[in-house]
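Descriptive analysis of the structure
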There are 2 protein chains.
Amino acid sequence: MSKIRTHIAEIPQKIGEIITVKGHVQTLRLQSCIAFIVLREITGTVQCVVEKGTPAFETVKQITTESVISVTGKAVKTKSTESGFEIQVSEIKIISLAESTPIPVTTKGSTEVTSEKSQDWRFLSLRSPRSATIMRAFSAMMSGYQEYLSKQGFIGIQTPKIMATPSESRAELFKIEYFGQTAYLAQSPQLFKQMAIASGLERVFEIAPAFRADKSFTTRHATEFTSFDGEMAYIESFEEVMTELEKTIGYMLTSIKKACGKEIEKYFGISEFQLKKPIPRITMARAKEILREMGCASEQPDITTAEEKALGDYVKEHFGSDFVYITEWPWETRPFYHKKGTGEHGEPISVSADLLYKGVEIVTCAQREESYAKLCEQLKEKGLHQEGLQWYLDCFRYGMPPHGGWGMGGARVIKQLLELPTIREAVFLFRGPSRLMP
Amino acid sequence: MSKIRTHIAEIPQKIGEIITVKGHVQTLRLQSCIAFIVLREITGTVQCVVEKGTPAFETVKQITTESVISVTGKAVKTKSTESGFEIQVSEIKIISLAESTPIPVTTKGSTEVTSEKSQDWRFLSLRSPRSATIMRAFSAMMSGYQEYLSKQGFIGIQTPKIMATPSESRAELFKIEYFGQTAYLAQSPQLFKQMAIASGLERVFEIAPAFRADKSFTTRHATEFTSFDGEMAYIESFEEVMTELEKTIGYMLTSIKKACGKEIEKYFGISEFQLKKPIPRITMARAKEILREMGCASEQPDITTAEEKALGDYVKEHFGSDFVYITEWPWETRPFYHKKGTGEHGEPISVSADLLYKGVEIVTCAQREESYAKLCEQLKEKGLHQEGLQWYLDCFRYGMPPHGGWGMGGARVIKQLLELPTIREAVFLFRGPSRLMP
């Protein structure tokens, strides 16, 4: 019979008791009279002390680093470890012996995790408490997102990823052979979310993969990423969308804090990350003014990566905020389905915003055009054809309430929150133009 | 300025007040002196009475069925509607006028929803309260699944859907052009879930699409479906997997009941569906005996659709259960990564089970083989090659705890729960060999 497992995080409550812990051997030091094992599992690490003369000491000699073992012994207080406790071992069982060949990459966590070799051996680099914290933060973000929106009456949907038509543009599309036809991978759930609004579902959200055949080699692009989408009907103004999204993000960050705030502080040195005040809103026109004043405005009608960074610094300095909404985008920079509005100087704008987090765009949100006639016009204006999109346009013919929504890149939120060098580290497995394995 | 919207479900608390409701016009009856509108939104329907001589009466004349309107008026009690209340209208505003062409398919809900035309016009057939209930049940199932497993320490992950190698078998694979290479759509997250276990994440779950290029035209197959997966490490026996899954399903069903139990009773006549007693377990050998006694055993080593149905009837009659675990499957019927065990008569079995719900398989669960050597052997035995799978096999070389898990078809759960004719009705949008639109 196996003994009941104690998780390492529970040990402080079990001092003086005989317990059994299970996990991977992080380090092993075998001396002539004593052996030290650092055992690692999802809740932490613990030092296990094995004395010569015990049967366990003989077992230790067979153990290799990263093997999975079961350790039984007395939990005692000690001054010799950071945690303040250790296990005086009476019995060790080898559950799964690791090969004695050298471990290909470190399991102790470092920014090397972004190297190609670390990606090849991702299951090993993920073993570090640093990586486990990232995975737990991502999980808490998904839970928080879903929990908050469900409470607000949003319905969780799962829309198809295989489509007969592109969801965003003809560029960056992955093609699939679909029973002799050509189909495409969804670049976003945009058109389906709007269909859900036409279906009378009123408020919907989705957490699901999206795909972009984008050859970018940056620290924030991936060919497959988890998109956090939301769409809400019967809005009176676009402001409602920004407000709901802001509350969602606030809730998400609190969920992450609750789930692994301590570990985030320990491994990333970041403690204050909850949303404590309203997110500032800056129009694009004003943003460009600010950028000119800062001497780093580009000639682009939209915002470049460098400009995003500068705006992030600006709002941090002037508003003490990690976040900023950039609103009123030039119409030419946005897709056909956005609502067209008029800017301060009469110029056509898209009723939309980008949300920047520490100087990186994490969300695009917008009010949508709900009139069939105007939508057809805007489609034409953008040089697109009605043909393949008629199924989508039909959704606007039999009553469509005003609506708006957002698409958020989950990995970018985690990257920015934990200040990771790249989104590769923020996700379980990265997919890029030259990264299809494992 | 727009008035604050009251949801139809809130009207009973607002009797005697002037309120504003918004929604689609379900029906419109215009008589010489009075007009009746049934307005529909996500929380219900309400009758709106408009008297001649009011400005609203003139507006009614322009309204078409399915238009989106805003209705302001007094909420009053009445004996003339099923709900016991109606609105005496003072003002109507047209938000989005529907075309006056006939609505292509019914928005009132019927099993016709499974017709090809209803699928073509899915956004209309989804408007019925019946369909909205299904969507809400699906959403509550996702929430419940995630909530329960998160509480049990499972980490939510999102694994890649684009793969360099098949995840299950070479059959039923969708091919993608991936920057000049051939890639595949994931048939399941199986290999990645196990990689997560090798990564030390211990307990993981995922709700995500899975893809099968399966030409089946049945009521329970789709080429793209939402898979509810779970994987747990450090198990002492396979029983733990079945128990955890059972608790998960119990929690899910309770979540569905809480979210829309009343509507399920109203539209589907189903009221008692929570899990109230342990799910019976029947070995495959015993199941075949039962089937022979019932006179409907097939010659197949696994279980046919007809046999599933018969077993469903049997456990309903003998155990009063909608669910049954069929355990100890012949080794030949299961994939290489299952753990091999020994049956009652010494025959090789897979340490796994199928979970049937009202006579349809909704889950396959299994303990996995964690030994690298045995896994390589089993791979060979099943006639597969190590080559493309080496990245997966490597996960077993540096310490792999014993583990097991499940894959559940979400649409099948909803289909069986609500006794729908087909999974087409259980999902937002269906994908099949000849159904790629909308």
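Procedures and definitions
Residue numbers run consecutively from 1 along every chain, following the written order of its sequence. Labels are handed out in written order, letters beginning with A for the chains and numbers beginning with 1 for the ligands. Side-chain atom pairs in this predicted model are given and counted only at pLDDT of 80 or more, local residue features only at pLDDT of at least 70, and totals for whole chains, interfaces and linings cover all residues. Computation of side-chain values: all heavy atoms of the structure, hydrogens and water removed. What makes two residues a contact is simply this: any of their non-hydrogen atoms within 4.5 Å. Buried area is understood as the total, over both parts, of accessible area removed when two parts are fitted together, assessed with a 1.4 Å probe. When a carboxyl oxygen of Asp or Glu is within 4 Å of a side-chain nitrogen of Lys or Arg, the pair counts as a salt bridge. Polar contacts here mean pairs of N or O atoms no more than 3.5 Å apart (in protein, one a potential hydrogen donor and the other a potential acceptor; neighbouring residues in sequence count only if both atoms are side-chain atoms). All residues other than Ala, Val, Leu, Ile, Met, Phe, Trp, Tyr, Cys, Pro, Asp, Glu, Lys and Arg, Gly among them, are scored as polar; the first ten of these are nonpolar and the last four charged. Partly exposed describes any residue whose relative accessible area lies between the buried limit of under 20% and the exposed limit of over 50%, with all areas from a 1.4 Å probe on protein chains only and scaled to the type maximum. In DSSP terms, a helix is any run of H or I states spanning at least four residues, a strand is any run of E spanning at least two, and both are numbered starting from the N terminus. Should DSSP find at least two bridges between two strands, the strands are regarded as paired. Residues below a pLDDT of 70 in either copy are left out; the C-alpha atoms of the rest, at least 70 in both, set the least-squares superposition of the copies. By definition, the arc is the one covered by directions from the helix axis to the C-beta atoms. Known as pLDDT, the predictor's confidence for each residue is given on a scale from 0 to 100. All axes are obtained by fitting lines to C-alpha atoms, using only the stretch in contact for helices, and the reported angles, taken between N-to-C directions, cover 0 to 180 degrees. Two aromatic rings from Phe, Tyr or Trp, using only the six-membered ring of Trp, form a pair when their centres are within 6.5 Å; if the ring planes differ by under 30 degrees the pair is stacked, by over 60 it is edge-to-face, and anything between is tilted. To sit over a ring, a charge needs its Lys NZ or Arg CZ within 6 Å of the ring centre and within 35 degrees of the ring normal.

Chain B puts 92 residues into the contact, and the matching count from chain A is 92 residues. When chain B packs against chain A, close to 7,900 Å² is buried across both sides, 64% of that on carbon and sulfur atoms. Our count for the contact surface shared by chain B and chain A stands at six salt bridges. As a salt-bridge pair, Arg397 of chain B and Glu99 of chain A come within 2.7 Å of each other at their nearest N and O atoms. Scanning the region where chain B abuts chain A turns up 36 residue pairs in polar contact (both at pLDDT 80 or more). Looking at the side of chain B that touches chain A residue by residue, the classes come out as 50 nonpolar, 21 polar and 21 charged.

All right, on to the pairing of strand S17 (residues 403-409) of chain A then. Remark: a regular strand shows side chains that alternate across the two faces of the sheet. Residue and element names in this part refer to chain A. Across the seven residues that make up S17, a large majority, six, are buried. Inspection of the sheet shows strand S11 (residues 224-233) paired to S17 by seven bridges, in the antiparallel sense. Counted as the bridge partner of Gly230 is Trp406 from S17. Both strand S16 (residues 360-367) and S17 contribute to a ladder of five bridges, which runs antiparallel. Counterpart to Cys365 in the pairing with S17 is Trp406.

It is worth spelling out the relation of the copies chain B and chain A at this point. For the pair chain B and chain A, the best superposition has an RMSD of 0.0 Å and corresponds to a rotation of 180° with a translation of 0.0 Å parallel to the axis. A rotation of that kind, with that shift, is consistent with a two-fold axis. Minimal C-alpha separation from the rotation axis in chain B is found for Ile176 of chain B, amounting to 2.3 Å. An overlap of 100% is found between the interface residues of chain B and their copies at the interface of chain A, pointing to a shared contact surface.

What follows deals with helix H9 (residues 372-381) of chain B. Residue and element names in this part refer to chain B. What H9 keeps buried is the set Leu375, Cys376, Gln378 and Leu379. The buried residues of H9 occupy one face: seen down the axis, they fall within an arc of 165°. Facing away from the buried side of H9 by more than 90 degrees, the exposed set consists of Ala373, Glu377 and Lys380. On the buried face of H9, the contacting elements are strand S14 (340-342) and helix H10 (390-393). Downstream of H9 by one or two residues, Gly383 has phi in the positive range, about 75°.

What follows is about the confidence of the model for chain A. On average, residues of chain A carry a pLDDT of 95, and 98% of them reach 70 or more. Across the whole predicted complex the pTM is 0.97, and at the interface the ipTM reaches 0.97.

For the rest of this paragraph, the subject is the pattern of salt bridges. Residue and element names in this part refer to chain A. Tallying each qualifying case throughout the model produces 66 salt bridges over all chains. Note that Glu66 and Arg127 form a salt bridge whose closest N and O atoms lie 2.8 Å from each other. Note that Glu66 is positioned in the loop between helix H1 (55-60) and strand S4 (68-77) and Arg127 in the loop between helix H3 (122-125) and helix H4 (129-151), a separation of 61 residues in sequence. Judged by relative accessible area, Glu66 falls into the buried class, the value being 0%. Among the residues examined, Arg127 registers a relative accessible area of 4% and is labelled buried. A single salt-bridge network, built from bridges that share partners, covers Glu116, Asp120, Arg424 and Arg435.

So, about the sheet that holds strand S5 (residues 85-96) of chain A. Residues and elements named next belong to chain A. Taken together, the five strands give a closed barrel; going around it, the order is S1-S2-S3-S5-S4, and neighbouring strands pair in mixed fashion. On average, each strand axis in the sheet is inclined to that of its neighbour by 55°, with strand direction left out of account. Across six bridges, the pairing between strand S1 (residues 18-30) and strand S2 (residues 34-41) is antiparallel. Paired with Leu30 across the two strands is Ala35, which belongs to S2.

With that out of the way, let us pick up the pairing of S4 of chain A. All names here are of chain A. Counting buried residues in S4 gives eight out of 10 residues, a clear majority hidden from the surface. Of the pairings in the sheet, the one linking S4 to S5 comprises 10 bridges and is antiparallel in character. Within the sheet, the bridge partner assigned to Val68 lies in S5 and is Ser96.

Turning to the side chain of Glu370 of chain A, a few remarks are in order. Residues and elements named next belong to chain A. Along the chain, Glu370 turns up in the loop between S16 and helix H9 (372-381). In terms of polar contacts, Glu370 uses its side chain to reach the side chain of Lys339, at 2.8 Å. With residues up to four places along the chain from it excluded, the contact list for Glu370 reads Lys339, Phe396, Met400, Pro401, Pro402 and His403.

Read once around its circumference, the closed barrel built from five strands follows the order S1-S2-S3-S5-S4 (chain B), with strand pairing classed as mixed. In this sheet, neighbouring strand axes are inclined to one another by 55° on average, regardless of whether the strands run parallel or antiparallel.

The geometry of two aromatic rings is summed up by the distance between their centres and the angle between their planes. In this structure the tally under the stated criterion is 32 aromatic pairs over all chains. The interplanar angle of 85° and the centroid separation of 5.7 Å between the aromatic rings of Phe174 of chain A and Phe179 of chain B together place this pair among those described as edge-to-face. Within this pair, whereas Phe174 of chain A is found in the loop between strand S7 (162-163) and strand S8 (175-178), its partner Phe179 of chain B is found in the loop between strand S8 (175-178) and strand S9 (181-185), the two belonging to separate chains. Where Tyr178 of chain A meets Phe174 of chain B, the ring centres are 5.2 Å apart and the plane angle is 10°; that geometry is what we call stacked. You can see Tyr178 of chain A sitting in strand S8 and its partner Phe174 of chain B sitting in the loop between strand S7 (162-163) and S8, one on each of two chains. Look at Phe174 of chain B and you get buried, because its relative accessible area is 1%. Its end group placed over the ring of Tyr234 of chain B, Arg5 of chain A keeps NZ or CZ at 4.0 Å from the ring centre. Residue placement shows Lys257 of chain A over the ring face of Phe273 of chain A; its charged tip is 5.2 Å from the ring centre.

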